[in-house]
Every structure is written in C-alpha cells, then in structure tokens.
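Each chain, letter by letter, is given below.
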Amino acid sequence: MKKANGYLPRLLALMLATMLWGCGDSATTKTDLDSVDPSQPVADWKLKWSDEFDGSSIDPRKWTREVNCDGGGNNEQQCYTDAAENAFVAAGVLNIVARPAADGAPKPYTSARLNTQYKADFKYGRIEMRAKLPFGQGSWPAFWMMPTDSEYGGWPRSGEVDIMEAVNLKADAPDQDEPENRIVGTLHYGSGADEAGHKYTGKSYKKPDGSNPADDFHTYAIEWQEGEFRWYMDGYLYATQRKSEVRYNSRGEAVGLAHRGWYTQYYDQGTGELITHWDNAPFDQYFYLILNLAVGGNWPANVNETGIDAEAFANGQALQVDYVRVYECSADPLTGKGCETIRPGYADLDDALVEGAAPIPSPPSNGAENLTIFDGTLNPNWPAWDCCGGSTPAVVDDPALGPSVEFSVGAAPTVNGFITRSAFITDPTGVPTPFDGSGMLEKGAIRFDLKVVSAPTDPGSVWKFKVESNGGETAVELNLVDGYVGSSDPSPAVGQWEYYEFPLQMLADAGLDVSKIDVVMIFPAWGSGNGAVYRMNNVEISQASPRLDLFKDAENPAWPMWDCCGGSTPQVVTDDVDHGATAEFSIGASPTVMGFITRSANGGGDTPFDASTIVENGVLQFDMRAVSLPNTPSAPWLLKVEANGGASAVEVNLNTSLEGQNPAAGVWQTYTFKLADLAAAGLDISAIDVVMVFPAWGQGEGATYRIDNAAIYEAPPTYTLYDDAARTGWVLWDCCAGSAPVSVADDVDHGQVAEFSVGATPTVLGLITRSANGGDDQPIDATALVDSGVMRFDMKMVSAPNNASAPWLLKIESDGGATAVEVNLNTSLEAVDPVAGVWQTYTFKLADLAAAGLDVTAIDVVMVFPAWGQGEGATYRIDNMELAPF
C-alpha cells in the first residue's frame with residue numbers, strides 16, 4: 001500500500017511493461033519447492049515468528065488494529081475500523097472484510113488494517129503468507145512492510161517493502177486475454193515524497209495456468225537478505241531486486257553502476273550534507289508487517305473497469321489469511337544469507353532481476369568546461385571593457401569574421417579587454433563568473449583572434465597580454481608575441497587577423513591563480529597606445545577535446561597493431577584512393593583476437609587514453625573492409641575494448657554500432673560506438689589501453705580485413721528537440737489556429753509523442769523557444785554540426801488532410817525569424833511522403849539548409865505541417881526530433 005498521490009500511472013506502466021508470464025515448471029531451486037508442503041517450514045529456514053490464526057480472535061499481542069479514515073494517502077474510499085465485522089478469526093483463518101458503510105459515514109466503505117509495529121519487527125529472513133484474495137473492481141489487498149524507525153528520514157527515504165499486492169482481481173483487463181489475475185511485488189525508496197524523489201521498482205506475475213488468486217489459497221513470500229530481495233508465489237521466484245553496485249574508474253572515482261538497484265539519501269551528521277548512498281540502506285533496518293484491504297484509491301480506481309463496482313462489495317469482500325510466518329536463516333541470521341531459494345534466471349535482467357531507479361553517479365566535476373567570452377555575441381557575464389580611457393567598446397561587422405569587438409585607444413592611457421567583476425557588468429542578466437581553469441591546467445589555454453585596424457602612433461609601442469585573478473590578487477603580464485601562433489612576423493600586422501594562444505600552465509608558472517580568472521586584457525603598453533584601433537573575436541578559455549588516433553594512414557607508434565595469439569604480424573598496406581595506407585589483419589588456424597594496444601609488454605608506449613572528459617559526446621569509430629570473410633560465414637564480428645590493464649572490458653557485436661551493420665566482403669563500412677554506452681556497459685574509460693576488432697574466438701580462420709580512420713574522439717553534440725517531451729525551454733506550438741498540441745502515448749517504440757491537429761483555420765505547427773510564444777528563449781547554436789550534421793525526426797500521419805494533394809513541409813527559422821528555410825518533406829534523404837498510420841523518418845542535411853540561407857547559430861523554431869491553407873483534417877505525430885551528427 002502506498003502513501004503518495006500520483007502512484008497509479010507509474011505502477012500501471014510498470015505492470016504493463018514488466019509483466020512476467022510464469023513458467024514455474026522450469027524452476028530449479030536449492031530447496032525443491034515442487035515437493036514442499038506449504039503448511040510446513042521451508043528447508044534451510046528456522047521459524048522465528050508466526051500467527052496461524054487458530055484462536056477465536058485476533059491476538060492483540062501480535063497485531064494492532066488501525067483506526068482512521070485517512071484513505072491511505074491514495075484517495076482510498078474506506079475507513080479502517082476496529083469493528084469485529086471488519087476483521088475477525090474464524091475456522092483458523094483471519095478475515096479482513098471490506099463492507100459498505102452506513103449512510104452518512106465519512107467514507108463509503110469500512111475495512112481493516114492490522115500491523116505488528118512495536119510488537120514484532122524483522123530484519124532479513126523469509127516472510128510468507130498463505131491467503132485467498134478478494135476480487136472485484138476497486139479491491140486492493142496488500143501484505144507489506146514499513147520501517148519501525150525511520151532512520152533515513154520520512155517516506156520513502158527509509159523504504160517500503162510490498163510483499164504482495166493485487167487490484168481488481170476478476171475485473172476486465174483490456175491489456176490481456178483474461179480477467180485481471182496479476183499480483184505485484186514492489187520496493188519504494190528515494191530522496192523525497194514528491195514525484196521526482198519517490199522511486200519504486202517491482203514486477204508483476206500471474207500463474208502460468210491462468211488461475212486467479214481470488215479463487216483459492218496461495219502462498220506469497222519474500223526472501224530478504226543483506227542487499228537482496230526475492231519474491232515468490234507458490235514457491236516460484238518471479239522477481240529479484242538488489243542494492244546498487246557502484247563502478248569506479250582507475251582514479252577511484254565513481255563513474256557508473258555495475259548494477260542499478262535501490263538507493264537512499266540522508267544527511268551526514270558531521271557535515272549536514274545530503275548524501276546519496278548506493279549501499280544496503282534503507283533496507284538494512286527493522287521493518288514491521290502490515291495486512292490490509294483497501295477499497296478504491298488512485299491505482300485500482302483508474303485501471304481495468306475503473307472506479308469501484310458497488311455490487312462486488314454489497315455483501316463484503318474478504319482477504320482471508322491462513323497464516324503469516326517469518327523464518328530466520330540459520331546459516332547466518334545477521335545477514336540472512338546462505339538459505340537462498342533460487343533458480344536459473346533469478347539474477348538475469350531478462351528474467352527475474354529488476355533494474356532499480358538509483359541515480360547513476362558520475363565523476364566529480366574537474367572544472368574543465370570551456371568558457372566562451374566572445375564569439376560574435378557578447379557574453380553578458382564578461383563585457384568588453386575600457387579600463388581608463390573613457391571609450392565604449394563596440395561590436396562591429398568585420399568583412400572577414402563578422403561581428404567583432406572593436407577597441408580604441410585615445411590620448412588617455414588605458415588597458416582594454418574583458419572583465420567579469422560586478423562593478424563593470426551593466427547587462428541586467430549578467431553575473432560575475434570568475435573562471436576556474438584548474439581542471440584544464442595541462443591542456444587549457446586562453447585563445448583569441450586579433451586584428452589591428454590602425455597601429456599606435458608611437459612606433460615603439462609594445463603590445464601586451466595581461467590576465468588577472470580573484471579581484472587582482474594575482475596577475476600576469478606578457479608580451480603579446482609570446483602567444484602568437486603562426487609562421488609570419490609575430491608583431492601584430494595592420495589589417496590582418498592573427499591567432500594567439502596562451503597556455504594556462506604557462507600563466508600558472510608565471511604566478512597566476514588560474515582558479516579565479518576574472519580579467520583578460522590585450523592592449524598597447526600603458527601610455528603608448530594613442531591612435532590604436534583593434535578588433536577581437538573567438539575569445540575563449542578552453543581546452544581541445546582529447547583525441548586518440550589509433551590508425552590514420554599510418555601506425556601510431558604508441559598504439560601498435562597487434563595479434564594477440566595467432567602469431568601473425570599485422571601489416572600496413574595501401575588500399576583505395578580514399579583510404580590510402582590501412583592496417584591489415586589476417587587470421588589463420590590459431591584462435592586469436594587482433595587490434596591496437598598500448599601496453600609495453602606488447603610493444604606499446606604505455607599511453608592509456610583518458611576519455612573521461614568526452615564521455616557524453618565521445619565515440620569510438622573506425623572504417624573497416626573485410627577483404628575475405630571467415631571460413632565460418634556465421635561468425636559474429638566483435639569489438640572489444642579493455643582498460644586499466646584489463647581490469648575492465650566490454651565486448652559488443654559490430655552490428656550493434658550506430659550504423660547497425662555486419663561486415664560485407666570488399667566494402668568499406670563505418671562503425672561508430674558511443675563512449676557513454678561502453679561506459680554504461682562497464683568500461684573504465686579513464687584508462688583505455690586495448691581496442692580489438694575480430695571475428696569471434698575460434699571462428700575467424702580465413703578472415704583478412706583492413707582498418708582505417710580508427711579514433712576515439714568527441715563527436716559534435718546532439719540537440720534533442722522532442723523525445724517523450726519537448727526540449728527544456730521549448731514548447732509545442734500552433735502558430736495561428738489556437739489549438740493546443742499535446743504529448744500523447746503512441747506505440748511501445750515511440751512512447752510519448754507530440755500530436756498536432758489542423759482545423760479550418762490556416763496555420764503552421766511545431767516547436768518554438770521564443771518567449772513571446774511561451775518558450776524560454778533558448779535557441780540552438782548548431783555551428784558544430786553544420787558540416788556533417790542533420791535535422792532528423794520521425795513522423796506518423798494519423799489522418800491525412802482533406803486535400804489529399806497538400807504538400808508536407810519542414811520550415812526552420814533562426815534568430816527571431818531573421819532567416820528561414822522551407823523544404824518539402826519528400827526532399828529528405830529518405831524521399832518519402834507521409835503515409836497514414838505509418839511512422840517514417842525524415843533526414844535533412846544541415847549543410848543543405850545552411851546553403852539555402854538558414855543561420856544555424858540561433859535556431860529558434862522548427863515546424864512540420866501541410867502547406868498553408870491546405871491542412872484541414874490532418875492529425876500527425878512527431879518524435880525523436882533532433883539536430884545530430886549524421
């Protein structure tokens with residue numbers, strides 16, 4: 001039973017998505033449950049507490065009757081009473097009965113809830129009940145547990161264990177071929193009682209013979225040990241849940257979960273900090289038992305036939321309990337381990353094991369995010385600044401680089417540049433943001449382009465570069481030529497853009513505290529700059545993304561080609577004009593794996609690659625051509641990556657790449673794998689030291705294949721506009737007809753999708769971020785994608801326009817409508833028109849849209865619609881809309 005509104009939609013989704021269809025006759029267990037007498041204690045367990053209900057009344061030493069009309073926190077429609085008619089013992093059975101209430105009662109039904117709080121509580125063991133369940137729309141029986149003392153805070157931080165629940169048994173079940181007959185076992189945990197903080201995970205089950213739990217007595221149980229729960233019905237283990245297992249990288253940083261299970265958050269008593277715990281908590285404390293029968297509530301009243309069937313409760317509905325028993329594991333009572341009743345598949349995510357909802361840890365921030373000070377647009381946090389000369393730096397249009405900041409020096413001595421101190425920030429949206437460059441000390445630099453429009457009148461003037469930190473507490477001043485990157489005269493040349501780069505390590509070595517950089521200045525030496533006018537662009541503090549080229553036209557000497565075990569010597573051979581020199585591998589009779597390695601024992605340079613800073617957008621990519629396929633044509637081709645001397649490794653099939661293809665003889669093909677996926681599968685991406693591509697072990701004889709352009713690098717980012725919901729800051733939008741586009745549920749592959757409908761009024765529809773239309777003014781700068789990126793989305797036409805010949809269009813606008821491009825959907829790479837009832841993908845090259853006039857730096861509207869005035873009657877859905885690498 002639950003304590004929070006909003007429970008229904010999530011658990012209903014869980015039931016539908018995670019239902020386990022029983023296969024009890026295949027179970028093998030440590031304890032042979034096929035020969036177990038359910039009236040006797042299970043082998044390996046010692047009976048610790050029980051109630052056989054053999055007396056004439058409910059034992060008050062074991063059970064407390066709750067009295068309240070709170071509705072369980074779930075809008076339930078019963079009052080719990082201590083009346084004998086709602087809970088009594090007869091013929092060795094506890095009866096909890098829900099009945100219609102008298103006229104004028106606070107709730108329309110009465111029932112009972114019994115608990116053992118402060119009379120009996122338990123930590124680890126086997127807890128079981130033999131019971132016959134009630135039926136009817138609105139019925140909600142439950143056997144569950146709550147913590148005796150909420151050691152980790154209020155619900156759900158201290159946990160909840162639902163041993164067995166069922167709703168609406170025998171009611172119509174539209175999602176299955178028989179009346180409702182499922183039970184559910186669930187854990188509740190998380191960081192708070194709100195929808196975001198409350199997490200629950202579980203699994204539903206029904207008997208393989210289709211029998212209904214309301215027709216007869218069945219045994220419901222959990223086995224609870226340190227770090228694990230297992231759920232059973234009539235001895236069949238149908239669900240397992242475990243604590244989370246944190247994965248650490250080579251630096252000892254938490255970077256993911258080897259298993260995603262439960263978690264909790266509670267405050268550290270020493271620091272007062274709210275800490276996330278991925279350990280046994282909260283399920284390492286004592287819990288008490290609860291038995292109850294609710295009527296209605298958020299869950300049962302909104303599924304099956306919905307509401308409450310009054311006729312089903314007219315003569316009462318009863319939860320009948322033959323016994324409740326708690327066993328202790330005699331092998332290890334302190335942990336509950338050693339008495340497991342298990343079967344093959346109980347720890348398999350494709351079978352009984354349930355994935356939890358714990359947040360996935362990531363490494364602590366290294367302070368290495370790049371800072372853009374000016375790239376054609378002023379950063380309100382870092383305004384352009386004239387210290388002392390009284391001028392106002394301006395953004396001017398430069399014929400080569402477009403909008404650029406222009407500084408001027410007059411007779412008054414001054415310095416110019418960019419500053420982030422509050423006294424000099426005039427934009428109301430700007431805030432002081434000193435830059436912490438300590439995380440990029442090794443590879444970071446202050447970079448900018450500079451063009452002198454007119455030189456100082458003093459021919460001996462020396463151009464300077466100066467950086468200050470922490471309000472001027474530390475500062476470094478250097479000659480500008482010290483950062484010049486180029487082959488010509490390092491002195492600034494009039495009328496020519498030149499590039500400068502000052503490594504942070506060089507500045508730190510000169511005495512700068514790089515953790516609080518707040519001023520960057522470029523100027524002719526003090527008092528010598530009169531007459532100087534100069535422009536700056538692409539001003540940033542950044543580090544280049546790390547990149548590893550395993551093979552690109554030549555062997556990387558630190559990462560040589562390698563045959564693990566077959567005794568061959570991979571060769572550099574010339575292929576076609578597009579690929580030139582390539583790495584060639586051949587497999588003989590000896591089983592082997594092959595690839596690239598940096599371990600010194602194998603001839604490498606001991607330079608493991610740290611991809612931690614690019615995991616979000618990073619990829620491992622290579623081109624491959626099978627010169628000859630293996631003698632075993634069905635041999636799967638694999639990618640295997642190892643790290644940290646083999647301490648972690650991930651192996652995947654090549655056809656699981658983003659391209660989803662198998663090698664074809666004689667054809668060059670590209671294979672791309674996301675680093676985030678490899679990391680999620682368990683790879684320590686902080687110390688990659690082997691990359692292998694090969695046919696599966698022992699199946700590769702006869703294969704010869706070539707690899708080129710093999711690299712690990714940061715791919716351009718993906719900007720998702722709609723995937724189950726609109727992008728943050730963007731909204732669904734009807735331009736002109738007044739409709740309200742909505743998110744609706746579609747098929748299992750698409751989930752929530754955006755739905756648009758066109759009526760009689762001409763309109764265009766799509767997604768928008770302009771504040772005047774309900775957005776948060778968060779345009780997308782897709783510059784990094786313009787050369788090789790695409791606009792891509794899935795669309796399903798639910799109903800066609802009345803005008804069957806109406807063309808379907810894509811229109812994208814940028815910068816408040818300053819530029820726009822409109823194209824027909826059938827000009828996509830797929831070249832298809834919408835078909836009613838069919839999901840289709842549409843892909844447009846961003847370079848083509850830019851060439852047609854779209855400014856890709858500030859995309860703020862994306863529209864898909866039948867041509868203006870021709871769309872009446874059309875309803876259509878959009879999903880997976882994104883600007884992404886091709």
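Going by the structure above, here's the rest.
The following refers to the structure shown. No experiment lies behind these values; they were computed from the predicted model shown.

## Observations concerning the overall build of the protein chain
Right, so step 1: A tally of regular secondary structure across the protein chain gives five helices and 57 strands.
Right, so step 2: Here the C-alpha coordinates of the protein chain stretch approximately 110 × 75 × 70 Å along the principal axes.
Right, so step 3: Classification of the 886 residues of the protein chain by burial places 51% in the buried group.

## Concerning the environment of tryptophan 839
Right, so step 1: By secondary structure assignment, the location of tryptophan 839 is in strand β55 (residues 839–845).
Right, so step 2: Expressed as a C-alpha distance, the spacing of tryptophan 839 and aspartate 879, which sit 40 residues apart in the sequence, is 9.4 Å.
Right, so step 3: In contact with tryptophan 839, not counting residues within four places along its chain, are Asp746, Asp747, His750, Val753, Asp794, Met795, Lys796, Arg877, Ile878 and Asp879.
Right, so step 4: A polar atom in the side chain of tryptophan 839 sits 2.9 Å from the side chain of aspartate 746.

## Brief notes about the pattern of salt bridges
Right, so step 1: Taken as a whole and assessed by the stated rule, the structure comprises 38 salt bridges.
Right, so step 2: In this structure, the salt-bridge partner of aspartate 215 is lysine 170, at a minimum N-O distance of 2.5 Å. Residue aspartate 215 is located in the loop between β14 (198–206) and β15 (218–225), and its partner lysine 170 is located in the loop between β12 (160–165) and β13 (183–190); the two are separated by 45 residues in the primary sequence.
Right, so step 3: Note on aspartate 215: relative accessible area 46%, which makes it partly exposed.
Right, so step 4: Between aspartate 549 and arginine 547 there is a salt bridge; the shortest N-O distance is 3.1 Å.

## Describing the layout of surface pockets
Right, so step 1: Roughly 840 Å³ of volume is contained in the second largest pocket.
Right, so step 2: What lines the second largest pocket is a set of 25 residues, and nearest its centre among them are Val619, Leu658, Lys674, Thr718 and Pro885.
Right, so step 3: When contributions to the lining of the second largest pocket are tallied by element, the ones reaching two or more residues are β41 (618–628), β44 (668–674), α4 (675–680) and β57 (875–885).
Right, so step 4: Counted by class, the lining of the second largest pocket contains 13 nonpolar, six polar and six charged residues.

## Topic: the nonpolar core
Right, so step 1: Counting 58 residues, the largest nonpolar core has Leu291 and Val324 as the members making the most contacts within it.
Right, so step 2: By residue number, the principal contributor to this core is strand β22 (residues 287–295), which donates five residues.
Right, so step 3: Ignoring anything within four residues of it in the chain, the contact list for valine 324 reads Trp49, Ser50, Asp51, Phe53, Trp63, Glu128, Met129, Phe143, Leu289 and Leu291.
Right, so step 4: Core analysis: the next-biggest nonpolar cluster, separate from the first, contains 46 residues, Val593, Leu675, Met692 and Tyr705 among them.

## Topic: the state of the cysteines
Right, so step 1: Counted under the stated rule, the structure contains five disulfides.
Right, so step 2: The disulfide partner of cysteine 329 is cysteine 339, and the gap between their sulfur atoms is 2.2 Å. Here the disulfide of cysteine 329 and cysteine 339 is right-handed, its torsion about the S-S bond being about 80 degrees. With cysteine 329 in strand β23 (residues 317–329) and cysteine 339 in the loop between β23 and β24 (371–374), the pair connects residues that are ten residues apart, well separated along the chain. With respect to burial, cysteine 329 and cysteine 339 carry one shared label: buried.
Right, so step 3: Across the disulfide from cysteine 735 sits cysteine 736; the S-S distance is 1.9 Å.
Right, so step 4: Exposure remark for cysteine 735: the relative accessible area of 33% places this residue in the partly exposed category.
Right, so step 5: Counting only the cysteines that take part in disulfides, in the order they occur along the protein chain, gives the pairing 1-2, 3-4, 5-6, 7-8, 9-10.

## Looking at the sheet that holds strand β53 (residues 808–814)
Right, so step 1: Pairing within the open sheet is antiparallel, and its five strands lie in the order β48-β51-β56-β53-β54. Two strands lie at the open edges of the sheet, namely β48 (731–734) and β54 (819–824), each paired on one side alone. Within the sheet, the average angular offset between the axes of one strand and its neighbour, ignoring direction, is 20 degrees.
Right, so step 2: Summarising the sheet, β48 and strand β51 (residues 765–768) pair through four bridges and their orientation is antiparallel. Within β51, the residue paired with valine 731 across the bridge is isoleucine 768.

## Section: the packing of aromatic side chains
Two descriptors summarise a pair of aromatic rings, namely the distance from one centre to the other and the angle between the planes of the rings.
Right, so step 1: Within this structure, the stated rule accounts for 34 aromatic pairs.
Right, so step 2: Note on phenylalanine 229 and phenylalanine 283: the rings are 5.3 Å apart at their centroids and 85 degrees apart in plane angle, and the pair reads as edge-to-face. Note that phenylalanine 229 is positioned in strand β16 (residues 228–233) and phenylalanine 283 in the loop between β21 (274–277) and β22, a separation of 54 residues in sequence.
Right, so step 3: Looking at phenylalanine 283, the relative accessible area reads 0%, which means it is buried.
Right, so step 4: Taken together, a centroid distance of 5.1 Å and an interplanar angle of 80 degrees make the contact between tryptophan 262 and phenylalanine 283 edge-to-face.

## Overview of the sheet that holds strand β40 (residues 594–597)
Backbone hydrogen bonds hold the strands of a sheet together, and the pairing may be parallel or antiparallel.
Right, so step 1: With respect to topology, five strands assemble into an open sheet ordered β37-β40-β45-β42-β43, the strand pairing being antiparallel. One side of each edge strand has no neighbouring strand; the edge strands of this open sheet are β37 (561–563) and β43 (648–653). On average, each strand axis in the sheet is tilted by 20 degrees relative to the strand beside it, whichever way the strands run.
Right, so step 2: Alignment of strand β42 (residues 637–643) against strand β45 (residues 688–695), held across seven bridges, turns out to be antiparallel. Bridging across to β45, glutamate 642 finds its partner in valine 690.

## With respect to the side chain of aspartate 284
Right, so step 1: Among the secondary structure elements, aspartate 284 is positioned in the loop between β21 and β22.
Right, so step 2: Summary of buried charges: aspartate 284 has no salt-bridge partner, and the nearest side chain of opposite charge, lysine 123, is 6.2 Å away.
Right, so step 3: Side-chain polar atoms of aspartate 284 contact the side chain of tyrosine 152, separated by 2.8 Å.
Right, so step 4: Those residues in contact with aspartate 284, other than ones at most four positions away along the chain, are Lys123, Tyr124 and Tyr152.

## Some thoughts on the pairing of β13
Right, so step 1: Among the eight residues in β13, eight count as buried, and that is most of the element.
Right, so step 2: Along β13, one buried face is formed by Ile183, Gly185, Leu187 and Tyr189 and the opposite face, lined by Val184, Thr186, His188 and Gly190, is buried too.
Right, so step 3: Note that β13 and β14 share eight bridges and pair antiparallel. Pairing of leucine 187 across the sheet is with threonine 201, part of β14.

## Description of unusual backbone geometry
Right, so step 1: The linkage connecting tryptophan 155 with the following residue, proline 156, adopts the cis geometry, with an omega of 5 degrees.
Right, so step 2: The residue proline 156 is located in the loop between β11 (139–147) and β12 in this model.
Right, so step 3: Note that the residue after alanine 281, namely proline 282, is joined by a cis bond; omega there is 5 degrees.
Right, so step 4: By the element assignment, proline 282 lies in the loop between β21 and β22.
Right, so step 5: Of note in the backbone geometry, aspartate 777 takes a positive phi value of approximately 50 degrees without being a glycine.
Right, so step 6: Within the secondary structure, aspartate 777 is located in the loop between β51 and β52 (789–799).

## Some details on the environment of threonine 632
Right, so step 1: With respect to the helices, strands and loops of the structure, threonine 632 is situated in the loop between β41 and β42.
Right, so step 2: Given a relative accessible area of 32%, threonine 632 falls into the partly exposed group.

## Some words on the environment of asparagine 181
Right, so step 1: For asparagine 181, the position within the fold is in the loop between β12 and β13.
Right, so step 2: Of the residues examined, asparagine 181 reaches a relative accessible area of 1% and is grouped as buried.
Right, so step 3: Spatially, the C-alpha atoms of asparagine 181 and lysine 206 are 6.1 Å apart, while their sequence positions differ by 25 residues.
Right, so step 4: A distance of 3.3 Å separates a polar atom in the side chain of asparagine 181 from a polar atom in the side chain of glutamate 178.

Basis of the calculations
- Residues numbered from 1 in each chain as written.
- Predicted model: local features only at pLDDT ≥ 70, side-chain atom pairs only at ≥ 80, totals over all residues.
- Heavy atoms only, no water.
- Helix = DSSP H or I, 4+ residues; strand = E, 2+ residues; numbered from the N terminus.
- Buried < 20%, exposed > 50% of the residue type's maximum accessible area, 1.4 Å probe, protein only.
- Contact = heavy atoms within 4.5 Å.
- Polar contact = N/O pair within 3.5 Å; in protein donor to acceptor, adjacent residues only side chain to side chain.
- Salt bridge = Lys/Arg side-chain N within 4 Å of Asp/Glu carboxyl O.
- 1 Å grid on protein atoms, 1.4 Å probe; cavity = no way out; pocket = protein on both sides within 12 Å on 5 of 7 lines; lining within 4 Å.
- Points joined across faces, edges and corners; volume = space filled by probe spheres on them.
- Nonpolar A, V, L, I, M, F, W, Y, C, P; charged D, E, K, R; others polar.
- Core = buried A, V, L, I, M, F, W, Y, C linked by side-chain atoms within 4.5 Å.
- Disulfide = S-S within 2.5 Å.
- Pairing = 2+ DSSP bridges.
- Axes fitted to C-alpha atoms, helices over the stretch in contact; angles between N-to-C directions.
- Phe/Tyr/Trp six-rings, centres within 6.5 Å; stacked < 30°, edge-to-face > 60°.
- Lys, Arg positive; Asp, Glu negative; His and termini not counted.

Remember, this is a structural readout, not a statement about activity or role.
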